[in-house]
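Listed below, chain by chain, are the residues.
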Amino acid sequence: RKASTKYEEGIVIEQKTAAGEKVDKDTMIKVVVSSGLEGEEIPVPDVAGMNEDEARKALINAGFSTDLITTTYEFSDDVDSGYTIGTDPSAGAKATAEATVTIKVSKGPKKPDKVEVPNIVGKSESEAKSMISSAGLNVSGSSSEYSSSVSEGYVISQSLSSGSKVEPGSSMSY
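Residues numbered from 1 in each chain as written. Predicted model: local features only at pLDDT ≥ 70, side-chain atom pairs only at ≥ 80, totals over all residues. Heavy atoms only, no water.

Overview of the side chain of Thr17
Working step 1: Of note, Thr17 is situated in the loop between strand 2 (12-15) and strand 3 (31-37).
Working step 2: Relative accessible area serves as the criterion here: at 15%, Thr17 is assigned to the buried category. (Helix = DSSP H or I, 4+ residues; strand = E, 2+ residues; numbered from the N terminus. Buried < 20%, exposed > 50% of the residue type's maximum accessible area, 1.4 Å probe, protein only.)

Thoughts on a nonpolar patch on the surface
Working step 1: A surface patch of nonpolar side chains, amounting to about 300 Å² of accessible area, comprises Val12, Val23, Ile29 and Val31.
Working step 2: You can see Ile29 is positioned in the loop between strand 2 and strand 3. (Patch = residues over 30% accessible without salt bridge, like charges linked within 9 Å, V, L, I, M, F, W, Y side chains within 5 Å. Areas by Shrake-Rupley, 256 points an atom, 1.4 Å probe, with all protein chains shown as cover. Salt bridge = Lys/Arg side-chain N within 4 Å of Asp/Glu carboxyl O.)

What about the packing of aromatic side chains?
When we look at a pair of aromatic rings, we describe it by the centre distance and by the angle of the planes.
Working step 1: On inspection of all chains with the given rule, the structure shows zero aromatic pairs.
Working step 2: Over the ring of Phe75 we find Lys107, and its NZ or CZ is 4.3 Å from the ring centre.
Working step 3: We note Lys110 situated over the ring of Phe75; from NZ or CZ to the ring centre the distance is 5.8 Å. (Phe/Tyr/Trp six-rings, centres within 6.5 Å; stacked < 30°, edge-to-face > 60°. Lys NZ or Arg CZ within 6 Å of the ring centre and 35° of its normal.)

Focus on the sheet that holds strand 1 (residues 2-4)
Working step 1: Sheet architecture is open: three strands sit in the order 1-3-2, paired in mixed fashion. Here the strands that pair on one side only, and so sit at the sheet edges, are strand 1 and strand 2. Pairs of neighbouring strands in the sheet enclose a mean axial angle of 45°, with direction left out of account.
Working step 2: Of the pairings in the sheet, the one linking strand 1 to strand 3 comprises two bridges and is parallel in character. Looking at the pairing, Lys2 lines up with Ser34 of strand 3. (Pairing = 2+ DSSP bridges. Axes fitted to C-alpha atoms, helices over the stretch in contact; angles between N-to-C directions.)

As for the layout of surface pockets
Once rolled over the atoms, a probe with the size of a water molecule shows which space is left empty.
Working step 1: By volume, the largest pocket is sized at about 360 Å³.
Working step 2: Lining the largest pocket are 16 residues, and of these Ser143, Ser144, Glu145, Gly153 and Tyr154 sit closest to its centre.
Working step 3: Grouping the constituent residues of the lining of the largest pocket by class yields six nonpolar, seven polar and three charged. (1 Å grid on protein atoms, 1.4 Å probe; cavity = no way out; pocket = protein on both sides within 12 Å on 5 of 7 lines; lining within 4 Å. Points joined across faces, edges and corners; volume = space filled by probe spheres on them. Nonpolar A, V, L, I, M, F, W, Y, C, P; charged D, E, K, R; others polar.)

Brief notes about the sheet that holds strand 6 (residues 84-88)
Working step 1: Sheet architecture is open: three strands sit in the order 5-8-6, paired in mixed fashion. Each edge of the open sheet carries a strand with a single partner, namely strand 5 (69-74) and strand 6. Strand-to-strand twist of the sheet, defined as the mean angle between neighbouring strand axes without regard to direction, takes the value 25°.
Working step 2: With four bridges connecting them, strand 6 and strand 8 (residues 101-106) associate as antiparallel partners. The partner of Thr87 across the bridge, within strand 8, is Ile103.

With respect to a negative patch on the surface
Working step 1: A cluster of like negative charges, contributed by Glu8, Glu38, Glu40, Glu41 and Glu98, occupies part of the molecular surface.
Working step 2: Tracing the backbone through its elements, the reader meets Glu41 in the loop between strand 3 and strand 4 (42-43).
Working step 3: The class for Glu41 is partly exposed, based on a relative accessible area of 43%. (Lys, Arg positive; Asp, Glu negative; His and termini not counted. Charge placed at Lys NZ, Arg CZ, Asp CG, Glu CD.)

What to know about unusual backbone geometry
Working step 1: In this model, Asp88 is joined to Pro89 through a cis peptide bond whose omega is 0°.
Working step 2: Along the chain, Pro89 turns up in the loop between strand 6 and strand 7 (94-95).
Working step 3: Backbone geometry places Asp26, a non-glycine residue, at a positive phi of 70°.
Working step 4: With respect to the secondary-structure elements, Asp26 resides in the loop between strand 2 and strand 3.
Working step 5: Given the relative accessible area of 73%, Asp26 is considered exposed.

Some points on the pattern of salt bridges
Working step 1: Scanning all chains against the criterion turns up five salt bridges.
Working step 2: The salt bridge involving Glu116 is made with Lys165; its shortest N-O contact spans 3.9 Å. Pair noted here: Glu116 is in strand 9 (residues 115-116) and Lys165 is in strand 11 (residues 165-166), with a separation of 49 residues, a long-range link.

Encoded structure:
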């Protein structure tokens, strides 16, 4: 146990094994638990939904030190980009003026990862359609033209370069 300027009694304030570090099963993880706040206690105001500047002003007005207010940015499906998700310590928790308070600001929803364009040249039309949709892409159309080297009903060209990365749902024709 150790006194903290940021966390109330009973809250884990530190761990000796880094987050995400792989350990063997049944390994003891050592933690330090707050024995209580050190200094004048200030309740952390609820700044969720404010923009970053408004949140910072609310924390300063509550008595937190300007130099100890930090900001992190994270994805959120629920909070629009540029607006505050919350703080650490969270709203309603008590901390001291010497505590670091982190404002969590939304970057908006996480965009899905890009998908790889399949090579459909030389495939039958039904196989090409299946490969396009399996890759998360849409068929935007097809056209027919004569080829002396590819049999009728098979793809001879495609609109997106195979192997390239595109947004899911992009349209592709052949």
